[in-house]
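Observations on the model geometry
Here's the letter readout for the chains.
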Amino acid sequence: DPARGQTLFEGSGRCGTCHRINGKGPRLAPDLSDIGAIRTADGLQKSVLDSNASIQPVNRSVRAVTRDGKIITGRRLNEATYTVQLIDEQERLVSLTKADLSEYTIIKTSSMPAYRDTFNARDVADVVAYLISLKGLQ
């Protein structure tokens, strides 16, 4: 039931506190507006149950430490040889020059919680049905 899945996504799942859909919501996690067009139901189910099992490399967060000790954590948006741009935990766009960093680490674990112990089988099926219905603005 995609409608029930949307209710879970927006409510008890708290997914909408990080993910953006069709221009609504924060930019802390990947935009899911067209997730149903690019991921399979099986892949989405794996992500919901264990977010670390199928994290896409493009969606990994980074931790940067400036030479003066400031720690910046966020989702990488663009990276070039000498610079990196990310969106930090307050949704601010941050541009960094790599030469000004004392540390730059790609985080290989997801900040998204696993819902294996939160959602029952029906809940997971309904959330996946909702996500698979997201094909972008049409």
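Our subject in this report is the structure included herewith. (Residues numbered from 1 in each chain as written. Predicted model: local features only at pLDDT ≥ 70, side-chain atom pairs only at ≥ 80, totals over all residues. Heavy atoms only, no water.)

The next thing to look at is the packing of helix 1 (residues 2–10) against helix 4 (residues 121–132). Relative orientation of the contacting elements helix 1 and helix 4 amounts to 100°, with a least axis distance of 7 Å. Judged on the interaxial angle alone, helix 4 and helix 1 are roughly perpendicular. Facing Pro2, Arg4, Gly5, Gln6, Leu8, Phe9 and Glu10 of helix 1, the residues of helix 4 in contact are Arg122, Asp123, Asp126, Val127, Ala129, Tyr130 and Leu131. Across the contact of helix 1 with helix 4, the residue classes break down as 7 nonpolar, 2 polar and 5 charged. (Axes fitted to C-alpha atoms, helices over the stretch in contact; angles between N-to-C directions. Helix = DSSP H or I, 4+ residues; strand = E, 2+ residues; numbered from the N terminus. Parallel < 35°, antiparallel > 145°, perpendicular 65-115°, else oblique. Contact = heavy atoms within 4.5 Å. Nonpolar A, V, L, I, M, F, W, Y, C, P; charged D, E, K, R; others polar.)

Okay, the pattern of salt bridges next. Inspection of the entire model under this criterion finds 9 salt bridges. When the shortest N-O distance is used, the salt bridge between arginine 63 and glutamate 103 registers 2.6 Å. Of this pair, arginine 63 sits in strand 1 (residues 61–66) while glutamate 103 sits in strand 5 (residues 101–106), and the two are 40 residues apart along the sequence. Its relative accessible area of 30% is what places glutamate 103 among the partly exposed residues. For glutamate 79, the salt bridge identified is with lysine 98, shortest N-O distance 2.7 Å. Of this pair, glutamate 79 sits in strand 2 (residues 71–79) while lysine 98 sits in the loop between strand 4 (93–97) and strand 5; the two residues are 19 residues apart in sequence, bridging distant segments of the chain. Classification of glutamate 79 as partly exposed rests on a relative accessible area of 36%. On the accessibility criterion, lysine 98 (24% relative accessible area) is partly exposed. (Salt bridge = Lys/Arg side-chain N within 4 Å of Asp/Glu carboxyl O. Buried < 20%, exposed > 50% of the residue type's maximum accessible area, 1.4 Å probe, protein only.)

Right, let's get into the layout of surface pockets. Approximately 900 Å³ is the volume found for the largest pocket. The wall of the largest pocket is formed by 43 residues, among which His19, Ala29, Pro30, Ser110 and Met112 lie closest to the centre. When residues of the lining of the largest pocket are traced back to their parent elements, those giving at least two are helix 2 (35–38), helix 3 (41–49), strand 2, strand 3 (83–88) and helix 4. The residue makeup of the lining of the largest pocket, split by class, is 21 nonpolar, 14 polar and 8 charged. (1 Å grid on protein atoms, 1.4 Å probe; cavity = no way out; pocket = protein on both sides within 12 Å on 5 of 7 lines; lining within 4 Å. Points joined across faces, edges and corners; volume = space filled by probe spheres on them.)

Turning our attention to the nonpolar core. Note that soluble globular proteins tend to have their nonpolar side chains buried in a common cluster. Counting 16 residues, the largest nonpolar core has Phe9, Leu32, Val48, Phe119, Leu131 and Leu134 as the members making the most contacts within it. Within the residue set of this core, elements represented by two or more residues are helix 1, helix 3 and helix 4. The residues touching leucine 131, leaving out its near neighbours within four places in the chain, are Phe9, Leu32, Ile35, Gly36, Leu44 and Val48. (Core = buried A, V, L, I, M, F, W, Y, C linked by side-chain atoms within 4.5 Å.)

On to the environment of alanine 129. Relative to the elements of secondary structure, alanine 129 occurs in helix 4. Judged by relative accessible area, alanine 129 falls into the partly exposed class, the value being 22%. C-alpha separation for the pair alanine 129 and leucine 96, spaced 33 residues apart in sequence, amounts to 39 Å. What alanine 129 contacts, discounting residues up to four positions off in sequence, is Asp1 and Pro2.

Let's shift gears to the sheet that holds strand 3. A sheet is described by the order of its strands in space; here 5 strands give the open sequence 4-3-2-1-5, paired in antiparallel fashion. A strand with exactly one partner marks an edge of an open sheet, and here the two such strands are strand 4 and strand 5. The average angle at which neighbouring strand axes cross in this sheet is 40°, direction not considered. Alignment of strand 1 against strand 5, held across 5 bridges, turns out to be antiparallel. (Pairing = 2+ DSSP bridges.)

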